[in-house]
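# A structural walkthrough
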Amino acid sequence: MSKEAAKVIFLLLCVRISSVFVIKTFFSPDEYWQSLEVAHRITFGYGHLTWEWTKGIRSYFYPTLFAAIYKVLDLLKIDSRVFLILLPRIFQALIASYADYRFYVWCNRKKWSLFIIVTSWFWFYTGSRTFINSFEAALTTIALSFFPWNENSENTGFLWITALLTYIRPTSVLTWAPLCFYHVKKSKYPGWELLLKRYLFIGLFTGSVLAALDSYIHGSFIITPYEFFKVNVLDGIGSFYGTHPWYWYFSTGLPAILGIGIVPFFLSIFVAIQSWDESKSRQYILFSIILTIFGYSLLPHKEFRFLLQILPLCLYCITQFLSEWSRTKSTIVIWLVAVVILVSNVIPAGYLGFVHQQGTLNAMDKLASIASDYKTENGQPAKFLFLMPCHSTPYYSHIHQNVTMRFLTCEPNFKNQENYLDEADKFYEAPMVWIRRHLPVHPIDALPTHVIVFDTLVPKISDFLSIYKPLEIFFHADHLVSQRNGRNVMIYERTQVAKKKIESDIVKETPEVKQEDQIQDEL
Ligand SMILES: *[C@@H]1O[C@H](CO)[C@@H](O)[C@H](O)[C@H]1NC(C)=O
């Protein structure tokens, strides 16, 4: 390795590893529920599997990587929760650093490429999170760097990564189809030979290994991308999770994740169209970006992080544009632009990574210590109830003790019921009614010892909380993303007087409540 490469890798490692410690907020449930939680279950035997796993629509490949880390920690008897939380993120950060290095190589080691990849706020914010999307973005970058862009190159190594990606994230097809088409077209080998000897062989080999892994862990034969297709396309289950307008990725998604980078990105498209015939590879990169965004736009369920898949392609376009542009500009102008890019990325990364939505993570430290120390007066262990939107916090992966926990679920409408409401919806419609129907008041030990809520819910369930006392409060966010969220996360603990109180409450339960119950029962 050259001295230059070593320096670059060191810089990238510093940036990504530091992001593990700087980014201390909650972004989206899948960071925990679709990776660490599953891994925890594989290694330690307990952990919640969401419907995606019971239905088998996700490949175990990604969680298995973390399960392996957990297994090593377990064997060495150093499976503390600090390691369980940190090491998967450091592992992801290492993959991201390597991807960044490959991005630099792909961009012909241009300085702008380092600057752009290091300052991208969204990549800094998500690159070291245990999202399958972050993993996908990193692998996509690595594959792109091995793609035979060069006229004379016939390297097909990238296909191994592409095959893995399309298996574990079937939507990767959108990004890779145009590029693979280009690959087959530009190669000097006949198309059928490439397709048969490379594409088919690598696809079948990778598919068989992954199908074997998935079937082994799932417990029966399963091809997860096929199940994924069935559920999302044939049954349209994805539409359950919020429906944004079709143009959301153009109007909101892309500008948000690129930040100020959207300006050079659009200029690069403009340049590409102006000099369309000059570069074939540039054409196909654009096709790939556009097909992915359009494909995702057709799906009702939209999220910022889905765009991670094409982030490396967009950053590549930005790098290309800025390198061209800066050739004819004075140093001062270049520095000015660089400072503007840097500052406008630091602000969202800092605020979202350090401030916004931190309470639900911080509360987990407290819950873990309660889980190990707390006993009721009858010597019973702690029992947690999360009265929050589903998956608002991490779960067993951040507690690492087999305590009883319960949260409001949000399973999609599998049975095609009309006016379907999930459990969390039903709860928020009438919180006290839900509590009276679902929480047995007798015996007292059947009630949770601790309840975790957002502050906005407290007045609505004050009746129930009268037998609890606030134990700790965690600042969460200044700006609420939904009405069901709150500025603070609160942990309530059952009081010693609860027992007496409940007994007297049973006696004087109000007729009004009984009525509500009956109405509910009839429904
Ligand atoms: C965890 O606790 C549940 C309920 O008490 C029990 O059924 C399960 O076997 C436990 N799992 C492990 C791995 O200890």
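Parameters and conventions
- Residues numbered from 1 in each chain as written.
- Predicted model: local features only at pLDDT ≥ 70, side-chain atom pairs only at ≥ 80, totals over all residues.
- Heavy atoms only, no water.
- Near = heavy atom within 4 Å.
- Polar contact = N/O pair within 3.5 Å; in protein donor to acceptor, adjacent residues only side chain to side chain.
- Areas by Shrake-Rupley, 256 points an atom, 1.4 Å probe, with all protein chains shown as cover.
- Nonpolar A, V, L, I, M, F, W, Y, C, P; charged D, E, K, R; others polar.
- Domains from an automatic or database assignment.
- Contact = heavy atoms within 4.5 Å.
- Salt bridge = Lys/Arg side-chain N within 4 Å of Asp/Glu carboxyl O.
- Helix = DSSP H or I, 4+ residues; strand = E, 2+ residues; numbered from the N terminus.
- Buried < 20%, exposed > 50% of the residue type's maximum accessible area, 1.4 Å probe, protein only.

### Examining the site of the ligand
Inspection of the region around the ligand gives Phe44, Gly45, Tyr46 and Asn402 as its neighbouring residues. One of the side-chain nitrogen or oxygen atoms of Asn402 is found 2.4 Å away from an oxygen atom of the ligand. Protein burial of the ligand: of its 360 Å² of free accessible surface, 31% is covered by the chains. When grouped by side-chain class, the residues that make up the shell around the ligand number two nonpolar, two polar and no charged.

### Remarks on the domain arrangement of the protein
When cut into domains, the protein gives domain 1 (3-354) and domain 2 (359-522). Look at where the C-alpha atoms of domain 1 and domain 2 centre, and you get two points 37 Å apart. Each side of the interface is counted separately: domain 1 has 25 residues, and domain 2 has 27 residues. At the surface where domain 1 touches domain 2, the tally comes to one salt bridge. Residue Asp365 pairs with Arg81 through a salt bridge whose shortest N-O separation is 2.9 Å. Our count for the contact surface shared by domain 1 and domain 2 stands at ten residue pairs in polar contact (both at pLDDT 80 or more). Within the residue set of the side of domain 1 that touches domain 2, elements represented by two or more residues are α2 (30-44) and α5 (81-106).

### Comments concerning the pattern of salt bridges
Once the charged atoms of two side chains with opposite charge are near each other, the side chains can pair. If you walk through the whole model with that rule in mind, you get 17 salt bridges. Arg169 is the salt-bridge partner of Glu136, the closest N and O atoms lying 3.3 Å from each other. Here the residue Glu136 occupies a position in helix α8 (residues 132-146), and Arg169 occupies one in the loop between α9 (158-168) and α10 (172-186), the gap between them amounting to 33 residues. Accessibility expressed as a relative area gives 1% for Glu136, which makes it buried. Overall, the relative accessible area of 11% leaves Arg169 in the buried class. Residue Arg494 pairs with Asp445 through a salt bridge whose shortest N-O separation is 3.2 Å. Here the residue Arg494 occupies a position in strand β5 (residues 488-494), and Asp445 occupies one in the loop between α21 (431-438) and β3 (450-454), the gap between them amounting to 49 residues. Using a relative accessible area of 21% as the deciding quantity, one classes Asp445 as partly exposed. Within the structure, one salt-bridge network assembled from shared partners comprises Asp30, Glu303 and Arg305.

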